[in-house]
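A look at the structure
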Amino acid sequence: MLEKLSNILKKTTDKIANAIFLDKNLVDSIVKDLQRALIEADVNVALVLELTKKIKQAALDGRIKGIEKKEHIIKLLHDELIRILGEKKEIHIQKHNVFLMVGLYGSGKTTTISKLAAYYAKRGNKVCAIGLDVHRPAASEQLKQLCDKLNIKAFIDEEEKDPKKIWKKYESELKDYSLVLVDTAGRDSLDNELIKEMKDIAKLTKPTETLLVMPADIGQTAKMQAEGFKSAVDISGVIITRMDSTAKGGGALTACAEVKAPVIFIGTGEKPADLEPFNPESFLSRLLGMGDLQALMDKVHSVMSEEQIEETQKKLREGRFTMYEFEQQIEAMGSMGSMDKIMSLIPGLGGMKEKIPESAMEQQQAKVKNWKAAIKSMTKREKEDPEILEKQTSRIQRIAKGAGIPTSDVRTLIKQFKIIKEMIKSQSGLAEGKLDQKTMMKFARKFGKKMKF
Ligand code: GDP
Ligand code: MG
């Protein structure tokens, strides 16, 4: 569900957490990624611009610094995303409940009834369904088949063409159930005929909830549809279906929030179990791949301490980079000291990752383990001035032996170290925002070719 958006959000929070310099270039690239991902998810452009403007302002606000700034931005991003996802609303089950399902053709009303039936029956309610969709010949049969599978009673009448008469026929029996799910007919669009039918049925069935069912793939069009239905009948909540089969779900959800039509459930598949109560907070946590906001904040602290960041910043500004820093960066990334993480630490190099094949990246990760061992076998002098290794083969042999790795690995380590050092040297101006995007691209391309695996 919304994998692409989820990936970008994860990447964005990683970038913020890992950043040594939270400079203008990095902020610009983060904001651009966010904008692209949210707009691709069909979120209203105005909302997206408002959100990213706030992030940019906070990022470039000179009053907050260091780790505090990272925390601030991540919290802001989190809160803004929650805000555009809307408020949580739950249905409170009473003694006798009638849910009236409304929506256009094919929006998922009947399927959702079977899901709601399963959901509420599982929670101890006596549930039944009634088919008032008299427009499509097979509609009541579809409802019955779905309900039969779940051992849920479905009241249908395939001969009757007046939904009101069907309701009247079963009205007394329905009283025995604590939850009655009412299936209705849709139309291609919200026309007068549909409005009249919905009003008539609502008057008769006296629903405790009137739920508008809309498919996620309509994206931000959900705003217009929700507004239309709201002005015709008293909509108490929305169910967004097909969240599993579109990238536009973000647009549908935020559109409902915009018009204050609370999303109560989301459908995430065709099976009865594929229904989830919608909670903006936990929905976002899942997109971010995190437990909660605190977990997200911890990420900022787990990468590097304030002192480490400052020290690295200082050294990099001076263009200094020794095996110590290289090692520190590998260590800071934990056991997954992968090349891409190291690159994401260096402003402006994030984009380079895409230019390196995945297989090479994986190989590289295996190598990093050997590199760590190699660095541990180096003398102080070698760490401070790794260039001396290039001239003296005996040193390389000694290190390889000490680390229990092939000499070729020590050589690649030295090569990588040199490349990264060179990169850092030529981009030390980045910290002051001296390099523009174009220069950075040129730079990334240049080194992209040099990266040998
Ligand atoms: P209705 O005309 O509003 O009653 O819509 P239906 O309940 O008949 O659903 C229309 C189609 O959407 C059916 O093929 C369903 O299987 C499918 N559908 C409904 N909800 C979901 C969902 O959450 N995920 C997926 N992938 N398909 C769904
Ligand atoms: Mg139907």
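Overview of the structure. (Residues numbered from 1 in each chain as written. Chains lettered and ligands numbered in written order. Predicted model: local features only at pLDDT ≥ 70, side-chain atom pairs only at ≥ 80, totals over all residues. Heavy atoms only, no water.)

All right, on to the overall build of the chain then. Looking only at helices and strands, one finds 21 helices and eight strands in the chain. Buried positions account for 54% of the 453 residues belonging to the chain. Relative to all contacts within the chain whose residues are 6 or more apart in sequence, the contacts with residues 24 or more apart total 75%. Of the accessible surface of the chain, which amounts to about 21,400 Å², a share of 51% is contributed by carbon and sulfur atoms. (Helix = DSSP H or I, 4+ residues; strand = E, 2+ residues; numbered from the N terminus. Buried < 20%, exposed > 50% of the residue type's maximum accessible area, 1.4 Å probe, protein only. Contact = heavy atoms within 4.5 Å. Areas by Shrake-Rupley, 256 points an atom, 1.4 Å probe, with all protein chains shown as cover.)

Surrounding ligand 1, one finds 18 residues, the nearest of these being Gly106, Lys109, Thr111, Asp244 and Glu270. Between ligand 1 and Lys115, the relevant distance is 3.0 Å, taken from an oxygen atom to a side-chain nitrogen or oxygen of the residue. Residue Gly267 places a main-chain N or O atom 3.4 Å away from an oxygen atom belonging to ligand 1. For ligand 1, whose accessible area on its own is 580 Å², the fraction buried by protein is 81%. The element contributing the most residues to the shell around ligand 1 is helix H5 (residues 109-122), with four residues. (Near = heavy atom within 4 Å. Polar contact = N/O pair within 3.5 Å; in protein donor to acceptor, adjacent residues only side chain to side chain.)

Okay, the packing of aromatic side chains next. Counted under the stated rule, the structure contains seven aromatic pairs. When the centroid spacing of 5.7 Å and the interplanar angle of 85 degrees are considered together, the rings of Phe99 and Tyr120 count as edge-to-face. Separated by 21 residues along the polypeptide, Phe99 in strand S1 (residues 97-102) and Tyr120 in helix H5 bring together distant segments of the chain. Here Tyr120 falls in the buried class, since its relative accessible area comes to 5%. Ring geometry for Phe278 versus Phe283: centroids 5.3 Å apart, planes at 65 degrees, classification edge-to-face. Like Phe278, the residue Phe283 is buried in the burial classification. Taken together through their ring pairs, the aromatic side chains of Phe99, Tyr119, Tyr120 and Phe265 make up a single cluster. The side chain of Arg123 reaches across the aromatic face of Tyr119, ending 3.6 Å from its centre. Geometry around Tyr177 places Lys126 over its ring, the cationic atom sitting 4.7 Å from the centre. (Phe/Tyr/Trp six-rings, centres within 6.5 Å; stacked < 30°, edge-to-face > 60°. Lys NZ or Arg CZ within 6 Å of the ring centre and 35° of its normal.)

Turning our eyes to something else, we now look at the sheet that holds strand S6 (residues 237-241). Pairing is mixed across the open sheet formed by eight strands, whose spatial order is S3-S2-S4-S1-S5-S6-S7-S8. Lying at the two open borders of the sheet, with one neighbouring strand each, are strand S3 (153-155) and strand S8 (275-277). For this sheet the average axis-to-axis angle between neighbouring strands, irrespective of direction, equals 25 degrees. Pairing of S1 with strand S5 (residues 209-215) involves four bridges; the strand directions are parallel. Bridge pairing in S5 places Met101 opposite Leu211. (Pairing = 2+ DSSP bridges. Axes fitted to C-alpha atoms, helices over the stretch in contact; angles between N-to-C directions.)

This next bit is on the pattern of salt bridges. This structure, assessed with the given rule, holds 25 salt bridges. Lys169 serves as the salt-bridge partner of Asp157, at 2.8 Å between the closest nitrogen and oxygen. Here Lys169 lies in helix H7 (residues 163-174) and Asp157 lies in the loop between S3 and H7, a separation of twelve residues in the sequence. The buried category is assigned to Asp157, whose relative accessible area is 17%. The shortest N-O distance in the salt bridge between Arg187 and Glu197 comes to 2.7 Å. In this pair, Arg187 is assigned in the loop between strand S4 (179-184) and helix H8 (192-205) and Glu197 in helix H8, connecting sequence segments ten residues apart. A network of salt bridges, in which partner residues are shared, links Glu50, Lys54, Glu80 and Arg83. (Salt bridge = Lys/Arg side-chain N within 4 Å of Asp/Glu carboxyl O.)

The next thing to look at is a nonpolar patch on the surface. A cluster of nonpolar side chains, Ile39, Val45 and Leu49, forms an exposed patch at the surface whose accessible area comes to about 230 Å². Within the element layout of this structure, Ile39 appears in helix H2 (residues 24-40). (Patch = residues over 30% accessible without salt bridge, like charges linked within 9 Å, V, L, I, M, F, W, Y side chains within 5 Å.)

Before going further, it helps to examine unusual backbone geometry. If you check the backbone angles, Lys206 has positive phi at about 45 degrees while not being a glycine. Among the structural elements, Lys206 can be located in the loop between H8 and S5.

Examined against the element boundaries, Glu50 turns out to sit in helix H3 (residues 45-60). Given a relative accessible area of 35%, Glu50 falls into the partly exposed group. Distance in space between the C-alpha atoms of Glu50 and Glu80 is 9.4 Å, their sequence separation being 30 residues.

The next subject is H5. For H5, spanning 14 residues, the distance from its first C-alpha to its last is 20 Å, which sits close to the expected 20 Å at 1.5 Å a residue. The buried count for H5 comes to ten of 14 residues, which makes it a mostly enclosed element. Along H5, the residues classified as buried are Lys109, Thr110, Thr112, Ile113, Ser114, Lys115, Leu116, Ala117, Tyr119 and Tyr120. Gly124 sits one or two positions beyond H5 and adopts a positive phi of about 85 degrees. (Expected span 1.5 Å × (residues − 1).)

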